[in-house]
Structure formats: structure tokens, C-alpha cells
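So the chains spell out like this:
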Amino acid sequence: MSRIWNFSAGPAVLPLPVLEQIRDELLDWHGAGLGVMEMSHRGKEFTAIIEQAEADLRELLAIPANYRVLFLQGGATQQFAQIPMNLLANGLANKSADYLVTGSWSKKAFKEAQRIASVRCAGSTEGAAFQSLPELATLDLDPQAAYFHLCTNETIHGVEVPPEYVLPVNVPVVADMSSHILSRPIDVSRYGLIYAGAQKNVGAAGVTLVIVREDLLGHAAPSIPSVMDYAVMAENGSMLNTPPTFSIYVAGLVFQWLKKQGGLAAIERVNIEKAALLYACIDGSAGFYRNPVAVACRSRMNVPFTLADSTLDVAFLAESKAAGLASLKGHKSFGGMRASIYNAMSLEGVRVLVDFMNDFSRRYAGTKA
Ligand code: PMP
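Please read all numbers here as calculations on a predicted model, not as lab measurements. (Residues numbered from 1 in each chain as written. Predicted model: local features only at pLDDT ≥ 70, side-chain atom pairs only at ≥ 80, totals over all residues. Heavy atoms only, no water.)

Undergrad: Would you take a moment to explain the overall build of the chain for this structure?
TA: The helix and strand tally for the chain stands at nine helices and 14 strands. Relative to the globule expectation of 21 Å for 369 residues, the C-alpha radius of gyration of the chain, 21 Å, shows essentially globular dimensions. Taking as baseline every contact in the chain between residues at least 6 positions apart, the subset at least 24 positions apart corresponds to 69%. Summing over all exposed atoms, the chain offers an accessible surface of approximately 15,500 Å²; the carbon and sulfur share of this is 54%. Looking at charge distribution, the chain has the averaged site of its 31 positive side-chain charges lying 5 Å from that of its 34 negative ones. (Helix = DSSP H or I, 4+ residues; strand = E, 2+ residues; numbered from the N terminus. Rg over C-alpha atoms; globule rule 2.2 N^0.38 Å. Contact = heavy atoms within 4.5 Å. Areas by Shrake-Rupley, 256 points an atom, 1.4 Å probe, with all protein chains shown as cover. Lys, Arg positive; Asp, Glu negative; His and termini not counted. Charge placed at Lys NZ, Arg CZ, Asp CG, Glu CD.)

Given below as C-alpha cells:
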């Protein structure tokens with residue numbers, strides 16, 4: 001078996017021990033005589049799996065007791081609509097919500113919310129090509145807003161909100177953490193609602209995590225489908241209907257793997273080292289490679305970069321692929337390259353990438369493709 005170094009933005013690399021455990025348990029989970037995909041979601045085996053997954057997630061993120069954990073479907077994109085449906089629609093007709101737009105994903109969230117309710121853009125860095133974060137004091141905030149939405153890691157533009165970023169305190173903060181959840185410790189109590197698709201740092205596509213403060217439940221418009229209503233899902237332990245059982249199982253294994261690594265403080269140390277290596281390579285390349293994001297908000301998970309001579313892009317991609325480095329092509333809206341270095345990408349993988357990049361720039365600097 002030979003595995004590539006997978007820098008995909010998502011679905012993304014999973015920890016090898018997790019994949020091996022899935023393989024080993026595929027036909028017979030813990031002597032039950034059947035695999036997880038084949039189990040009733042109401043049986044005692046799956047009940048144990050989902051309860052353990054929730055307990056491990058609560059421990060990893062130190063989720064306070066007054067927050068509910070929901071395992072939903074529909075991806076983070078469904079949350080773009082489900083959030084205003086739940087937090088803004090009922091009896092709040094004269095209320096609005098504030099959106100901070102710092103990259104493609106928060107822009108999408110804002111646009112989708114506009115279909116559902118009255119929402120405002122409190123600030124946007126689009127005019128400056130999504131390369132920084134505005135100070136809270138410069139935002140046009142509505143003190144009566146039902147919530148303030150932001151994306152704490154913009155997967156395409158590589159902009160990450162650092163923990164010291166000042167957030168509004170008088171309105172619930174709703175955060176899309178899809179592409180950096182579990183990469184560092186966070187203070188959950190700063191947020192009213194956190195959501196994340198699974199296919200980056202959590203596991204396999206198909207399950208979406210929603211961590212919501214209890215007082216925000218029960219405000220949904222009466223007309224919304226019950227599977228979309230957080231309160232209904234919370235009352236039913238995320239099992240109003242059949243949940244994405246296999247993705248929940250995989251997420252649970254990833255949580256256990258994270259605990260074995262020493263939890264989020266330990267994985268953060270590795271993530272800091274990985275990101276520092278890669279940004280040092282980019283910044284030390286005498287302009288051969290370039291990342292335009294302000295240093296204070298550069299993402300540790302998604303590192304977009306361009307080559308000064310874009311005619312070399314084709315050679316970069318072909319040669320990196322030949323060297324076993326996959327999925328480095330940048331998103332079409334950014335161009336160039338992007339290396340996603342989630343929790344499951346090892347320091348060794350980033351070293352291989354950096355060695356390749358240094359070698360490539362040495363060979364091609366001053367040449368024209
Ligand atoms: N938000 C962010 C930050 C993302 O990176 C993505 C997916 N790349 C999404 C939302 C959308 O996620 P999904 O495809 O699961 O709907």
C-alpha cells in the first residue's frame with residue numbers, strides 16, 4: 001500500500017490509525033457480528049457509539065453543560081439557512097442579524113441568510129481581497145441583532161480568526177468553524193452557536209456538528225420542517241430520524257484519536273509547528289512563493305499561496321504530484337496553490353512538502369517556464 005500526502009481542503013486526510021480501525025471493525029464491530037453501517041440507530045450498540053462520541057467531543061472542547069451537541073445532516077451549507085430559520089424567524093420580525101464577511105464562506109453564509117430573513121453585513125474585507133480581519137470597533141454593529149455571524153477559518157482565503165480577536169459580547173456569536181474546529185483549544189462560552197461540517201478535522205462527510213447554547217433553542221419559526229428545528233433535534237438526541245450513523249462513528253474514532261494525541265493543546269503545538277514551517281518556506285523564498293494574508297490572521301489549516309511566475313503553476317502541480325504530494329491546486333477563486341494541513345496531516349508530510357517547494361524554487365528561480 002502506498003498512501004499519498006493529501007493536502008485536499010476536504011474531504012481531507014484522515015488519521016491512519018482511524019482508517020485502520022474502521023477497516024478492522026467494518027464487518028464485525030466489537031464482536032456484535034455486524035458492522036456499524038448495518039446497525040439500527042436505536043440499538044444499544046449505536047447508542048453507545050453516539051453517546052461516547054458526544055462525551056469525547058465535550059471533553060476535547062470543554063463544552064459547558066448548558067450547551068447541546070447535535071449531529072445533523074446537510075453540511076455547513078444547510079446551516080447557512082438553518083441558523084436564521086432557528087434564531088431569527090419566530091416572533092423576531094423586527095430583528096435582524098449581523099454578518100461579518102471575511103472570505104468566500106462567510107459571504108455564502110450571508111447570501112443564504114438573505115433568502116430566509118433580514119440580515120445585515122456588519123463589515124466586509126472583500127474590497128481588500130479578503131486578506132485581513134477588521135477590528136471590531138470598525139464594524140457597523142446592530143446592538144439589537146439576534147446574532148453576529150462569522151467564519152473563524154476561511155478555507156479558501158486562508159484567514160483565521162485568532163482567539164484574541166474581540167467578539168461582540170452583547171449578542172450571541174455564531175461561528176462557522178468547519179475548517180479548523182478541534183485544531184486548537186477554544187473557549188466555547190464565547191459563542192452562542194458553533195457549527196462545522198465533518199470532512200476536514202472531524203471525519204467523513206455526512207455529519208454536521210452543531211454546538212448550541214440552550215437558551216437559543218425553541219425560537220424557530222413554527223413552519224420550519226422538524227428535522228431543521230434545533231429544539232426538536234435536541235429533544236430527540238439528534239435522532240428524530242435516522243442520523244448519519246457511519247459518519248458519527250468515524251467522528252467518534254477521530255475524537256478518540258485526538259485524545260490519544262494529548263487533546264487539543266497537544267495537537268495545537270503540532271499545528272503551530274506545521275504552519276510555521278510552511279509559512280517560513282513561503283516568506284523565505286525571496287518572492288518566488290507568496291501568501292498575501294496579514295500575518296496575524298494567517299490560517300494554520302489552509303495555506304493558499306501563489307507562484308510569482310504563474311506560468312510555472314503547471315510544472316509545480318505536475319512535479320508535486322509525481323513526488324506524491326496531492327491536491328495542491330488552489331481554489332478557482334484564489335488561483336495558485338493551497339495546502340490544507342489539517343490535524344491528520346503529519347509534521348513529516350509538511351516537511352516533505354516544504355522540501356519539495358524549496359527544491360522547486362531553487363531549480364526554477366530566474367527561469368521562465
Ligand atoms: N464553511 C466552510 C468554512 C467550508 O470550508 C465549507 C466547505 N468547504 C463549508 C462551509 C460548506 O460545507 P459543506 O460542503 O459541508 O456544506
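Past the structure itself, the notes keep going.
Undergrad: I would appreciate a short explanation of the environment of E319 in the present structure.
TA: Assignment of secondary structure puts E319 in helix α8 (residues 313-322). Separated by 141 residues in sequence, E319 and S178 place their C-alpha atoms 30 Å apart.

Undergrad: Quick question: what am I supposed to make of a nonpolar patch on the surface here?
TA: On the surface, a nonpolar cluster with roughly 340 Å² of combined accessible area is contributed by L26, L27 and M37. Of note, L26 is situated in the loop between α1 (16-25) and α2 (44-61). (Patch = residues over 30% accessible without salt bridge, like charges linked within 9 Å, V, L, I, M, F, W, Y side chains within 5 Å. Salt bridge = Lys/Arg side-chain N within 4 Å of Asp/Glu carboxyl O.)

Undergrad: Help me out: how do you make sense of the domain arrangement of the chain in this one?
TA: By a widely used convention, the size of an interface equals the accessible area lost when the partners come together. Considered domain by domain, the chain is made up of domain 1 (16-260) and domain 2 (263-364). Facing 25 residues of domain 1, the contacting portion of domain 2 comprises 24 residues. Across the interface of domain 1 and domain 2, roughly 2,000 Å² is buried in total on both sides, 56% from carbon and sulfur atoms. At the junction of domain 1 and domain 2, the tally comes to one salt bridge. For E268, the salt bridge identified is with R184, shortest N-O distance 3.9 Å. (Domains from an automatic or database assignment. Buried area = accessible area lost by both parts, 1.4 Å probe.)

Undergrad: Can you help me understand the site of the ligand in this one?
TA: In the vicinity of the ligand, 13 residues are found, and the nearest of them are T77, T155, D176, Q199 and K200. Within the contact set of the ligand, an oxygen atom lies 3.2 Å away from a backbone nitrogen or oxygen of A76. One of the side-chain N or O atoms of D176 is found 2.6 Å from a nitrogen atom in the ligand. In isolation the ligand offers 400 Å² of accessible surface; the protein chains occlude 84% of this area. At four residues, helix α3 (residues 75-87) tops the list of elements feeding residues into the shell around the ligand. (Near = heavy atom within 4 Å. Polar contact = N/O pair within 3.5 Å; in protein donor to acceptor, adjacent residues only side chain to side chain.)

Undergrad: What exactly am I supposed to notice about the packing of helix α7 (residues 263-283) against helix α9 (residues 347-364) here?
TA: Helices that pack against each other are described as a pair by the angle of their axes relative to one another and the distance between those axes. Where α7 contacts α9, the two axes come as close as 9 Å, and the packing angle between them is 5 degrees. Here α7 lies roughly parallel to α9, going by the angle between them. Listed contacts from α9 to E273, K274, L277, L278, C281 and I282 of α7 are L347, V350, R351, L353, V354, M357 and N358. Counted by class, the contact of α7 with α9 contains nine nonpolar, one polar and three charged residues. (Axes fitted to C-alpha atoms, helices over the stretch in contact; angles between N-to-C directions. Parallel < 35°, antiparallel > 145°, perpendicular 65-115°, else oblique. Nonpolar A, V, L, I, M, F, W, Y, C, P; charged D, E, K, R; others polar.)

Undergrad: Explain the nonpolar core here, please?
TA: In summary, soluble globular proteins display a tendency toward joint burial of nonpolar side chains. Core analysis: the biggest nonpolar cluster contains 58 residues, and L57, L61, I181, L182 and F255 have the highest contact counts within it. The biggest single contributor to this core is helix α6 (residues 245-261), with nine residues. Two domains each put at least three residues into this core: domain 1 (16-260) and domain 2 (263-364). Residue contacts for F255: discarding those within four places in its chain leaves A53, D56, L57, L60, L182, V202 and L209. (Core = buried A, V, L, I, M, F, W, Y, C linked by side-chain atoms within 4.5 Å. Buried < 20%, exposed > 50% of the residue type's maximum accessible area, 1.4 Å probe, protein only.)

Undergrad: Looking at this model, I keep getting lost on the sheet that holds strand β3 (residues 97-101). Mind explaining?
TA: Paired through backbone hydrogen bonds, the strands of a sheet run either parallel or antiparallel to each other. The strand order across the open sheet built from seven strands is β2-β10-β9-β8-β5-β3-β4, with neighbouring strands paired in mixed fashion. Only two strands of the sheet have a single partner each, and these edge strands are β2 (67-72) and β4 (119-124). Shown here is a sheet whose adjacent strand axes are inclined to one another by a mean of 20 degrees, direction ignored. (Pairing = 2+ DSSP bridges.)

Undergrad: Looking at this structure, how should I read the side chain of H41?
TA: Assignment of secondary structure puts H41 in the loop between α1 and α2. One polar contact links H41 to R42, side chain to side chain, over a distance of 3.4 Å. Setting aside chain neighbours within four positions, we find H41 in contact with F46, T47, M239, N241, T242, P243 and T245.

Undergrad: What's the story with the pattern of salt bridges in this structure? I'm lost.
TA: Side chains that differ in sign of charge can pair as their charged atoms come close. Within this structure, the stated rule accounts for 17 salt bridges. Each of the salt bridges in this network shares a partner with another, and the network as a whole consists of E160, R184, E268 and R300.

Undergrad: I would appreciate a short explanation of unusual backbone geometry in the present structure.
TA: Look at the link from G10 to P11: it is a cis peptide, with omega at -10 degrees. Mapped onto the secondary structure, P11 falls in the loop between β1 (5-6) and α1. For F130, which is not glycine, the phi dihedral falls at a positive 55 degrees. Looking at where F130 falls in the secondary structure, it is placed in the loop between β4 and β5 (148-151). What makes F130 buried here is its relative accessible area of 7%.

Undergrad: Please clarify how the packing of α6 against α7 should be interpreted in this entry.
TA: Two elements in contact, α6 and α7, have axes whose closest approach is 7 Å; the angle formed by their N-to-C orientations is 75 degrees. Relative to α7, α6 is oriented roughly perpendicular. Contact residues: W257, L258, K259 and Q261 in α6; G263, L264, A266 and I267 in α7. Looking at the contact of α6 with α7 residue by residue, the class counts come to five nonpolar, two polar and one charged.

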